[in-house]
Amino acid sequence: IARRNDNNGLDVKAIESAMKNIRLKSPHFATSLDEGASSALVDGDYGDAIDSALAEVLDTVSRNIESRGGSKAKHELIPQNSLASFRRNTEKAKRASSNLTRSAIMAESLVRLWPAISFKRRMAALSSCDSNMDTREPGTLVIQIVGADGVECSSEDCARRAVFPFFRWVDKALRAGSFSSSVTGFSSLIILMTGPCIPDAVVGKEMSLIPEHIDSQTSSGLLEAKVKFEQRECHETKESLAVDLFIAFNAGIWGYDSWRPTIAHMCQPGRRTLFVITAYTIEESEDDAEVIAEVAQARGRQLWPPERCPFSSKVERPTSSAPAGRAYYQNGAWQTWLLGC
């Protein structure tokens with residue numbers, strides 16, 4: 001597996017190697033970037049060089065995923081007491097897993113995909129012309145939860161319960177020196193919840209995750225952390241923010257045709273969208289994959305296939321339509337795609 005830095009086990013060699021690859025395969029592009037010229041990342045040989053370098057990064061992502069195997073004794077972001085909630089079968093642990101499942105999935109996705117996220121951020125810093133990067137705020141990590149509804153955000157308190165643990169873990173990791181690269185690192189976090197079923201009570205609101213008693217300006221952690229709520233489909237967007245990672249919890253892509261234009265939007269050439277999708281069961285996750293593959297065609301690459309999610313809720317979800325013998329759990333299975341590649 002590629003060399004890792006000292007920042008909590010997060011891979012850096014993949015990025016260094018990919019940047020070297022770009023310079024070897026497209027020297028003119030590299031020279032333009034070094035001189036500060038505005039160069040299109042998806043144009044001609046430049047796009048080929050970047051796609052080749054991204055493929056190298058994704059190979060590293062794949063090896064990292066394989067090396068992680070099952071549950072780890074220690075996690076790069078999630079503390080031991082929270083990890084225990086997903087490994088024990090006590091009633092207390094089950095309840096905790098239900099509260100932590102979304103934050104834990106966000107944390108595991110960030111760790112698994114950080115080489116690819118970091119590479120995209122590096123390219124965004126080098127050029128402002130990528131169609132999916134031109135509105136990026138330097139130093140800000142943006143995660144968009146698509147298809148969000150009352151389960152995630154019936155109120156501000158509900159949304160806070162869903163994502164506050166993730167904020168706390170990332171903040172602690174930053175204080176420990178993780179994600180600290182001057183180019184690919186970040187000091188601010190935006191979690192954008194979007195979907196046509198976002199409750200009216202939170203639409204248009206902006207919620208800070210940093211407790212009032214903490215002076216973020218004097219800390220080495222996150223300087224800013226916000227949750228925003230927008231009542232719209234993912235593809236109904238003005239691209240006000242460049243998103244690093246998209247996540248859809250219990251999406252039901254197989255059952256709703258409204259997901260198809262969203263997936264098609266993500267598949268536009270050059271977008272290179274990282275998309276994590278969870279489902280209640282493996283079977284539903286496999287059905288989701290069939291729809292995504294059908295829409296994406298050659299513009300999608302599955303980074304990991306439908307599999308049991310190590311951070312699913314352990315509280316069974318009553319489902320009257322469930323086939324006999326099939327148990328449903330929040331985020332019971334998951335998969336991830338790179339779309340628009």
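Residues numbered from 1 in each chain as written. Predicted model: local features only at pLDDT ≥ 70, side-chain atom pairs only at ≥ 80, totals over all residues. Heavy atoms only, no water.

A. Spatial organisation of the overall build of the protein. Scanning the protein from terminus to terminus reveals nine helices and eight strands. The contacts of the protein with a sequence gap of at least 6 include a subset with a gap of at least 24, amounting to 79%. Accessible area of the protein: about 14800 Å², with a carbon and sulfur share of 48%. (Helix = DSSP H or I, 4+ residues; strand = E, 2+ residues; numbered from the N terminus. Contact = heavy atoms within 4.5 Å. Areas by Shrake-Rupley, 256 points an atom, 1.4 Å probe, with all protein chains shown as cover.)

B. Here's a closer look at the sheet that holds strand 7 (residues 300-308). Taken in spatial order, the eight strands make up an open sheet running 3-4-2-1-5-6-8-7, and their pairing is mixed. A strand with exactly one partner marks an edge of an open sheet, and here the two such strands are strand 3 (206-208) and strand 7. On average, each strand axis in the sheet is tilted by 15° relative to the strand beside it, whichever way the strands run. Where strand 6 (residues 273-279) lies against strand 8 (residues 333-339), seven bridges are found, and the strand directions are antiparallel. Considered in strand 8, the bridge of Ala-279 is made with Ala-333. Those strands touched by helix 7 (residues 156-175) are strand 1 (140-146), strand 2 (188-194), strand 3 and strand 4 (224-230), and its axis lies near 140° from that of strand 2. (Pairing = 2+ DSSP bridges. Axes fitted to C-alpha atoms, helices over the stretch in contact; angles between N-to-C directions.)

C. Just helix 7, in detail. Here helix 7 contains 20 residues, and its C-alpha end-to-end distance of 26 Å stays within 8% of the 28 Å for a straight helix at 1.5 Å per residue. At Val-163, helix 7 is deflected by roughly 45°, the largest bend along its length, and proline Pro-165 occurs up to four residues later in sequence. What helix 7 keeps buried is the set Cys-158, Ala-159, Ala-162, Val-163, Pro-165, Phe-166, Phe-167, Trp-169, Val-170, Asp-171, Ala-173 and Leu-174. A positive backbone phi angle near 105° is found at Gly-177, which sits one or two residues after helix 7. (Expected span 1.5 Å × (residues − 1). Bend = angle between axes of the 7 residues up to and from the residue. Buried < 20%, exposed > 50% of the residue type's maximum accessible area, 1.4 Å probe, protein only.)

D. How the structure looks around the packing of aromatic side chains. Counted under the stated rule, the structure contains six aromatic pairs. The ring centre of Phe-249 lies 5.3 Å from the NZ or CZ of Arg-102, which sits over that ring. The cationic tip of Arg-112 hangs over the ring face of Trp-304; the distance from NZ or CZ to the ring centre is 4.5 Å. (Phe/Tyr/Trp six-rings, centres within 6.5 Å; stacked < 30°, edge-to-face > 60°. Lys NZ or Arg CZ within 6 Å of the ring centre and 35° of its normal.)

E. The pattern of salt bridges, seen in detail. If you walk through the whole model with that rule in mind, you get 15 salt bridges. If you follow the salt bridges from partner to partner, you end up with Glu-206, Glu-224, Lys-226 and Lys-228 in one network. (Salt bridge = Lys/Arg side-chain N within 4 Å of Asp/Glu carboxyl O.)

F. Seen up close, the side chain of His-75. In this fold, His-75 is placed in the loop between helix 3 (44-68) and helix 4 (80-83). For His-75, a relative accessible area of 8% gives the class buried. In terms of polar contacts, His-75 uses its side chain to reach the backbone amide nitrogen of Leu-77, at 2.9 Å. In terms of polar contacts, His-75 uses its side chain to reach the backbone amide nitrogen of Ile-78, at 3.1 Å. His-75 has contacts with Arg-68, Gln-80, Leu-83, Ala-107, Glu-108, Val-111 and Phe-311, leaving out every residue within four places of it along the chain. (Polar contact = N/O pair within 3.5 Å; in protein donor to acceptor, adjacent residues only side chain to side chain.)

G. How the structure looks around the confidence of the model for the protein. Taken over all residues, the pLDDT of the protein has a mean of 83, while the share at 70 or more is 76%. Below pLDDT 50 for its whole length, residues 32-45 participates in 26 contacts with residues either more than four positions away or in separate chains. Long-range and interchain partners of residues 129-134, a stretch whose pLDDT sits below 50, account for 15 contacts in this model, where long-range means more than four residues apart. (pLDDT = per-residue confidence, 0-100.)

H. Geometry of the nonpolar core. The biggest cluster of nonpolar side chains holds 62 residues, and the ones touching the most others in it are Met-106, Leu-113, Val-163, Phe-166, Ile-191, Met-193 and Phe-229. Not counting residues within four places of it along the chain, the set of residues in contact with Phe-229 comprises Cys-153, Ala-159, Met-193, Ile-198, Val-202, Val-203, Gly-204, Lys-205 and Met-207. Residues Ile-190, Ile-253, Trp-259 and Phe-275 belong to the second largest nonpolar core, which totals 24 residues. (Core = buried A, V, L, I, M, F, W, Y, C linked by side-chain atoms within 4.5 Å.)

I. The packing of helix 8 (residues 259-266) against helix 9 (residues 282-296), seen in detail. Two numbers describe how helix 8 lies on helix 9: the axes approach to 9 Å, and their chain directions differ by 55°. With respect to helix 9, the axis of helix 8 lies oblique. For the pair helix 8 and helix 9, the crossing hand works out as right-handed. The residues of helix 9 that touch helix 8, namely those facing Arg-260, Ile-263 and Ala-264, are Val-291, Ile-292, Glu-294 and Val-295. (Parallel < 35°, antiparallel > 145°, perpendicular 65-115°, else oblique. Left-handed = near helix turned anticlockwise from the far one by under 90°.)

J. Quick peek at the environment of Leu-141. With respect to the helices and strands, the residue Leu-141 is situated in strand 1. In the structure, Leu-141 is positioned 101 residues away from Ala-242 in sequence and 9.0 Å away in space, judged by C-alpha atoms. Ignoring sequence-local partners within four residues, the contact set of Leu-141 consists of Leu-110, Trp-114, Ile-117, Arg-121, Phe-186, Ser-188, Leu-189, Ile-190 and Asp-244.

K. Quick look at helix 9. The terminal C-alpha atoms of helix 9, which comprises 15 residues, lie 21 Å apart, in line with the 21 Å expected from a rise of 1.5 Å per residue. Burial in helix 9 covers these residues: Ile-282, Glu-284, Ser-285, Asp-288, Ala-289, Val-291, Ile-292, Val-295 and Ala-296. Contacts from the buried residues of helix 9 go to helix 8, strand 6, strand 7 and strand 8. Positive backbone phi, approximately 55°, marks Gln-297, located one or two places after helix 9.

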